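Residues per chain are reported as follows:
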Amino acid sequence: MTRETVEKYTAELIEELREREVRGAVIGDAVAQVESHTAEADEDPTEVFGTPREFAAQLARGRKKSIGWPLYVASAVLTIGGTLLLLKGIFAAMQHQELLWGIPSLVGIVVGALAIVAWIILMVIAMDPIKDPRGRRQA
């Protein structure tokens, strides 16, 4: 069995698990398990674990990530609200005016920009990278 066989198998397994919305930590464990077993036993991963699709179906049972609608709501609020506040602050500053209730335009600019930065951080966290339990970094 060649290294390319294992790499192809793990790439297909990762793709199948991502399609099933399995958490990155579970994917990392599965890839480590396949690589460790094939390195020790020198067996074809398909013979041991089944096809990547079958193994992914087995691993996906009850292990899906549950971000769902709170992520969508937070994304909408942060992007739309942040963008509107940032733009209102910029236009108010250009016209030397204040925002609603006497709030300085600079506050609108800063708060709007911070909301957009918070959305970017939220998206990075929600990406759920694959974590290799052996300490190596995966995709």
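Heads up: the structure comes first, above all this text.
Worth saying up front: this structure is predicted, and the values here are computed from it rather than measured.

About the cut-offs
- Residues numbered from 1 in each chain as written.
- Predicted model: local features only at pLDDT ≥ 70, side-chain atom pairs only at ≥ 80, totals over all residues.
- Heavy atoms only, no water.
- Helix = DSSP H or I, 4+ residues; strand = E, 2+ residues; numbered from the N terminus.
- Expected span 1.5 Å × (residues − 1).
- Buried < 20%, exposed > 50% of the residue type's maximum accessible area, 1.4 Å probe, protein only.
- Contact = heavy atoms within 4.5 Å.
- Axes fitted to C-alpha atoms, helices over the stretch in contact; angles between N-to-C directions.
- Parallel < 35°, antiparallel > 145°, perpendicular 65-115°, else oblique.
- Left-handed = near helix turned anticlockwise from the far one by under 90°.
- Patch = residues over 30% accessible without salt bridge, like charges linked within 9 Å, V, L, I, M, F, W, Y side chains within 5 Å.
- Areas by Shrake-Rupley, 256 points an atom, 1.4 Å probe, with all protein chains shown as cover.
- Salt bridge = Lys/Arg side-chain N within 4 Å of Asp/Glu carboxyl O.
- Nonpolar A, V, L, I, M, F, W, Y, C, P; charged D, E, K, R; others polar.

A. Spatial organisation of helix H2 (residues 24-41). Taking 1.5 Å per residue, 18 residues should reach 26 Å; H2 reaches 26 Å between its end C-alpha atoms and fits that length. Looking only at H2, the buried set comprises Gly24, Val26, Ile27, Gly28, Ala30, Val31, Ala32, Val34, Glu35 and Thr38. Where H2 is buried, its residues contact helix H1 (3-19), helix H3 (45-49) and helix H4 (52-60). Of the residues trailing H2, Asp42 is marked for its positive phi of about 50°.

B. Looking closely at the packing of H1 against H2. It is at 10 Å that the axes of H1 and H2 come closest, and there the two elements cross at 160°. Comparing their axes, H2 and H1 come out roughly antiparallel. Between H1 and H2 the crossing geometry is right-handed. The segment H1 lies against H2, with Arg3, Val6, Tyr9, Thr10, Leu13, Ile14, Leu17 and Arg18 engaging Ile27, Ala30, Val31, Val34, Glu35 and Thr38.

C. Summary view of helix H5 (residues 68-94). Helix length check: H5, at 27 residues, gives a terminal C-alpha distance of 39 Å against a target of 39 Å (1.5 Å per residue), a fit within 8%. The inward-facing, buried residues of H5 abut helix H6 (105-126). At the C-terminal side of H5, His96 shows a positive phi close to 55°.

D. Molecular detail of a nonpolar patch on the surface. The grouping of Leu100, Trp101, Ile103, Val107 and Val111 at the surface amounts to a nonpolar patch, some 550 Å² of accessible area in total. Trp101 gets classed as exposed once you look at its relative accessible area, which sits at 79%.

E. Looking closely at unusual backbone geometry. The phi angle at Glu21 is positive, at roughly 55°, despite the residue not being glycine. Positionally, Glu21 belongs in the loop between H1 and H2.

F. Spotlight on the pattern of salt bridges. All chains considered together, the criterion is met by three salt bridges. In this structure, Glu7 and Arg3 form a salt bridge, with 3.4 Å as the shortest nitrogen-oxygen distance. Of this pair, Glu7 and Arg3 both sit in helix H1, four residues apart, which is roughly one turn of the helix. Classification of Glu7 by relative accessible area gives partly exposed; the value is 42%. In this structure Arg3 comes out as partly exposed when scored by relative accessible area, which is 45%. What emerges from the salt-bridge pattern is a single network uniting Glu16, Arg20 and Arg53.

G. Structural view of the side chain of Glu16. With respect to the element layout, Glu16 can be found in helix H1. Once you skip the residues sitting within four places of it in the chain, Glu16 turns out to touch Pro52, Arg53 and Ala56.

H. Region of the structure containing the packing of H5 against H6. At a minimum axis separation of 7 Å, H5 and H6 run at an interaxial angle of 155°. With respect to H6, the element H5 is oriented roughly antiparallel. The interaxial crossing formed by H5 with H6 has left-handed handedness. Partitioned by chemical class, the residues of the contact of H5 with H6 number 18 nonpolar, eight polar and no charged.

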